[in-house]
Structure formats: C-alpha cells, structure tokens
2 protein chains.
Amino acid sequence: MNPSTSTESSAASSVPEQPKRLKLISWNIDGRNAENIKSRTEGVQGVIANEKPDIVFFQEVIPWSFAYLKGVFDETYECIAGGDAGYFTAAMVKKATVKLHDFYLQPFYSSKMGRNLLILQTEVTSSGIPLLLMTSHLESSNVEGSERKNQLKKAFEEMKVADSKYTVIFGGDMNVRDSEIVQIGGLPEGISDLYEVTGSRPECYYTWDNARNDNLYFPQRVKSRFRFDRAENRYVLLCHWRLDPDTVLAHLTNHE
Amino acid sequence: MNPSTSTESSAASSVPEQPKRLKLISWNIDGRNAENIKSRTEGVQGVIANEKPDIVFFQEVIPWSFAYLKGVFDETYECIAGGDAGYFTAAMVKKATVKLHDFYLQPFYSSKMGRNLLILQTEVTSSGIPLLLMTSHLESSNVEGSERKNQLKKAFEEMKVADSKYTVIFGGDMNVRDSEIVQIGGLPEGISDLYEVTGSRPECYYTWDNARNDNLYFPQRVKSRFRFDRAENRYVLLCHWRLDPDTVLAHLTNHE
DNA sequence: CCGTCATAG
DNA sequence: CCTATGACG
Ligand SMILES: [Mg+2]
Ligand SMILES: [Mg+2]
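Residues numbered from 1 in each chain as written. Chains lettered and ligands numbered in written order. Predicted model: local features only at pLDDT ≥ 70, side-chain atom pairs only at ≥ 80, totals over all residues. Heavy atoms only, no water.

If you check an unreviewed UniProt entry, chain A appears there as Tyrosyl-DNA phosphodiesterase 2-like from Priapulus caudatus. Recorded in UniProt for chain A, the comment headed Subcellular location (unreviewed entry) runs: "Nucleus, PML body". (UniProt positions renumbered as here; feature names shortened; annotations may be inferred.)

### Quick look at the pairing of strand 8 (residues 130-137) of chain A
All names here are of chain A. Burial analysis of strand 8 places eight of its eight residues in the buried class, which makes it a mostly covered element. Bridge count between strand 7 (residues 116-124) and strand 8: seven bridges; the pairing is antiparallel. Pairing of Glu-123 across the sheet is with Pro-130, part of strand 8. The turn linking strand 7 back onto strand 8 is made up of five residues, and Gly-128 within it adopts a positive phi angle of 80 degrees. (Buried < 20%, exposed > 50% of the residue type's maximum accessible area, 1.4 Å probe, protein only. Helix = DSSP H or I, 4+ residues; strand = E, 2+ residues; numbered from the N terminus. Pairing = 2+ DSSP bridges.)

### Section: the packing of aromatic side chains
What describes a pair of aromatic rings is the distance from one ring centre to the other and the angle between the planes of the rings. In the structure shown here, the tally under the stated rule is 15 aromatic pairs over all chains. Ring centres of Trp-64 of chain A and Tyr-68 of chain A lie 5.4 Å apart, and the angle between their planes is 20 degrees; this geometry places the pair in the stacked category. Linking Trp-64 of chain A with Tyr-68 of chain A, this pair stays in helix 2 (residues 63-73), spanning four residues, or about one helical turn. Residue classification places Trp-64 of chain A among the partly exposed residues on the basis of a relative accessible area of 38%. Residue Tyr-68 of chain A is classed as partly exposed on the basis of its relative accessible area, which comes to 24%. Measuring from centroid to centroid gives 6.4 Å for Trp-208 of chain B and Phe-226 of chain B, while their planes differ by 45 degrees, and the two rings are tilted. Of this pair, Trp-208 of chain B sits in strand 11 (residues 208-209) while Phe-226 of chain B sits in strand 12 (residues 225-226); the two residues are 18 residues apart in sequence, bridging distant segments of the chain. The exposure class assigned to Phe-226 of chain B is partly exposed, which follows from its relative accessible area of 27%. Here the aromatic residues Tyr-195, Tyr-205 and Tyr-206 of chain A are joined through ring pairs into a cluster of three or more. Looking at Arg-177 of chain A, its charged tip hangs above the ring of Phe-226 of chain A, at a distance of 4.7 Å from the centre. (Phe/Tyr/Trp six-rings, centres within 6.5 Å; stacked < 30°, edge-to-face > 60°. Lys NZ or Arg CZ within 6 Å of the ring centre and 35° of its normal.)

### Things to note about the protein's contact with DNA strand D
Around DNA strand D, the surrounding shell holds 19 residues, and the nearest of these are Lys-112 of chain A together with Arg-32, Ser-140, Asn-175 and Arg-177 of chain B. Backbone atoms, meaning sugar and phosphate, make up 58% of the atoms of DNA strand D lying within 4 Å of the protein. Residue Glu-60 of chain B places a side-chain N or O atom 3.4 Å away from a phosphate oxygen belonging to DNA strand D. Asn-175 of chain B places a polar side-chain atom, nitrogen or oxygen, 2.8 Å from a phosphate oxygen of DNA strand D. The class makeup of the residues in the surface near DNA strand D is seven nonpolar, eight polar and four charged. (Near = heavy atom within 4 Å. Polar contact = N/O pair within 3.5 Å; in protein donor to acceptor, adjacent residues only side chain to side chain. Nonpolar A, V, L, I, M, F, W, Y, C, P; charged D, E, K, R; others polar.)

### Some thoughts on the pattern of salt bridges
All told, the structure shown has 26 salt bridges over all chains when counted by the stated rule. Note that Arg-230 of chain A is salt-bridged to Asp-178 of chain A, the shortest N-O span being 2.7 Å. With a gap of 52 residues between them, Arg-230 of chain A in strand 13 (residues 229-234) and Asp-178 of chain A in helix 4 (residues 178-183) connect regions that are remote in the sequence. Judged by relative accessible area, which is 35%, Asp-178 of chain A ranks as partly exposed. Here Asp-209 of chain B makes a salt bridge to Arg-225 of chain B, at a shortest N to O gap of 3.9 Å. Of the two residues, Asp-209 of chain B sits in strand 11 while Arg-225 of chain B sits in strand 12, which places them 16 residues apart along the sequence. (Salt bridge = Lys/Arg side-chain N within 4 Å of Asp/Glu carboxyl O.)

What follows is the structure, encoded as structure tokens:
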C-alpha cells in the first residue's frame, strides 16, 4: 500500500537564500471499493503521518474517509474536499509550510462520473512563492478516452491561463494513456511532466499495475498496467523534483 | 458510386525516354452486403471499362462477382483472386501494359476474419520496371485495432524485404486510423503514403464517409468518416503520383 | 476500472 | 463496419 506519486521539490537557484523543499503526494485511495475501507483509510493516515508531505492530493475520498482524515489532520493541515457525496477529490496543505489563500472547483460539464478540477491558491510560507495547486480524477476507463482528453485539455488550459506569478502543479489520477497525450498534441509549451523531467526512471513508470495490486481483480492472463497517476508542472520558481519509486508503487494506494 | 483510391504515376526522370503513366484503382466493392450486388457489380464493371486502369485492387469480391468481373475482363486483364469463399481481395493488371510474373498469398494467422495479403510480381511492360503489387483488406472495426496494427506491420515488413529491384505499391482497404499509424511508429523509412506525397489535399482525405454513403446506415446524429483506403509506396523508379478526388469519393464503392 | 464480446441505436 | 452501453472473464 503506497501513494502513487510522491515528489519533492527544491526552489530554483534564483531564490538561493533558503533551499526550501516541498513534498507532494498524490493518492487514489479507492473509495469506490467499500472493502476494508476503514483499515485502508487508517493505513493512509499512517503514511501521511510518516511522510509528513507538504501537499497531498487525494482521489476517491468518500464522506466518511474525508471526515476521518480531516479529524486526524485538521490541526496540522488545511483539508479541502472537492465534493461531498459519492467519491471525490481532496487536497491537504501543511499549515506550517504552505499558506492557503483560496480554493475553488472547475466542473467538467460533460463528465458522466461527476469529475471536476479542485484548485487551491497557496503560497510557500518560507519563500513567498505563489503556488497554484490543482488535482483531479479524470474520467475513468478506456472507452471514456474522448471525454477524458477534453478534461485534460481543460486542465492544461487552466494551467496556462493562471496568473503568471504562479508556479502551477497539477497532479492526480488522470487515467490517461500515453497515446492520449499524443492525441491532444502533447503537453502544452511550458508544461512538463514530473516523471519525464526526473529522468523517466522505469521504476517510476507504472502507477496502476493490476499484477501488483489485487484490489481490482480481472481474470486476465497478462495483467494490465499504466501510468495513470501523473503530475504536471508549470514552474516559475520551484523546479527541481525527485520522484520516489517506493511510493510510486502502482496505486498501491488502494490496498493494504 | 466510386472507387476509393485512384492514382496515376509517371516514371522518375532517370528513365525519361518514355514518360509512362500507370493508373491504379483500389476499391472495396462491399461484397459483405448482398443488396443490389448484381447491379453494383455491373456498376463496377462500367467504371473499370471507362477508367481503363492499369492496376486494380479489389476488396470484398465474392465468388459470384469475381467470376462476373473475370468473365468481362479476362481478355484484357489478368484477374487474380485472393480467396475463393466468402469475400476476399482480388487484383487485376492490364495485359497490355503490365506483365504478371507470379502471385502469392501471405496469410494473417491471427485474423478472425480470414484476411490476408495478396502479392503480385509484375513488370511495367514498356519500361521493364519491376513492380511488386500488394493489396489487402485489413481487419475491420475499431475494436480490432490491435490485430489490424499487427497486419499492417507485417505488410510493411513485406514491403521492406522485397527485392531491391522492385518498386512496391501496397494499396487497399486498411481500415486504419491515423492514430494507429502513429502507434506503430509511423510509416517505415523509405515508405510513403500516396495521399501525403500528393499534397494531403483535403478533398482526397476521407475514403469512408457514412454521411456520403448510405450503404451502411447507423442511427448516429454525427456521421463518422475515415481515411480507411490508402496506398503506400516504396518507390524505385515510379514516383510521381496524382490522386483523383472524384474517384476518392469515400468508398462510394459500395453503393450505386 | 482491465480486455473482450455482444447488442442496440 | 459507426458509437454507446453493458455483461463477463
Ligand atoms: Mg479507482
Ligand atoms: Mg465493407
């Protein structure tokens, strides 16, 4: 059991006075699956408590698990939910290091699954660096590729039009295939993928691996795996990232 | 009603003494549809008689229509069938201009639809230019993309390994999407697409258009269209092609 | 939230 | 030989 994307950043050399690091975790905690939801959520709590990330992006929290995690972390983190029924995204920012100024939702109007974009306007407290945080759980399943590509384009558009003061981080469960990125014309100018900019290390590639995670069982001879969970970055000042392969264990997220 | 791909070539300038032109037609004549099969096949006959192509690639001939067309054109064309049951491909080469030396089939072993590759070893009579002609009707339907891509790769391989004396033309109903070409890594080095090398004229793009051809009716609000029919070329001497938009009318092939 | 297949529109 | 949906492995 592990979050699917865990990264750390350091500030660019133009702000050398305090090489501040930020730790980011993105994690689909499989709220669509009721099985062991209590113990799995306790496991999530344990990882967050150990890792002490500055920023957390969740997908598939449910009302119960959001209340639980907010109950645990309310003193140390701002906890923001992207919905209040079914399953939805959430974001947590560590009060000690990141100042939350505002947050809002951008709906995906043609989503059949109630998906949206959760956006937080924040600031790195120590340096004053403005940070726009975005997370989403894009339309699931291969057959919804067309809707998903539209959602991804809208998210990229949101990154591009953000105030130029912001370093923008868009991370989450994008359910996206590499071929779909090609089909929408690749990443827009100025936006980079954290897996790629950290050297495309093979051990960090798969974030959803049906051979390593039995949370969802499909009776296939050859198991499927994808890089569904990603983080895209429009950087202004924060730019050195490191991807942690141990916490990129294939959505290991879902299962305890 | 029109063939989907009609092209003419002229010899490269290195053989200037006789700027020989060749006319090629590729045409899926919709033998999977029994409706009006007789009158539609007579329509095919009429177009071939008018256009007098040097080379014809057919897909979806059936035993009856092959016998009919061979009966009509046997004196002026070599008529080769790629099968003898159900529906299959066929090729015709005009005896007056193209010499047929041999022909053979390459099976697609994992085809669920009995598809294969029909290959003719020929020679342009006037110039002696060796010409390898290949046609196929690659696996149909969107969901068979994986099988179809394998078939296409095998066909490209066949083009690449052909004796270097040959100019190779592979034309037919490839049922292929542009994205699938990208997924197999694009056209191999040395192979070019006749639509592209003739300037990618938009009026020649769609060869299967459900809005312009009611042979197959689907109750969709927005009709689909694709460039299913293509011709790929590994040229040695023949290299100047012209695509005829009037005969590229969207598989108009199928319907009279 | 996989890949494959069948069916309806 | 389209797209959308749902069942099944
Ligand atoms: Mg899930
Ligand atoms: Mg057909």
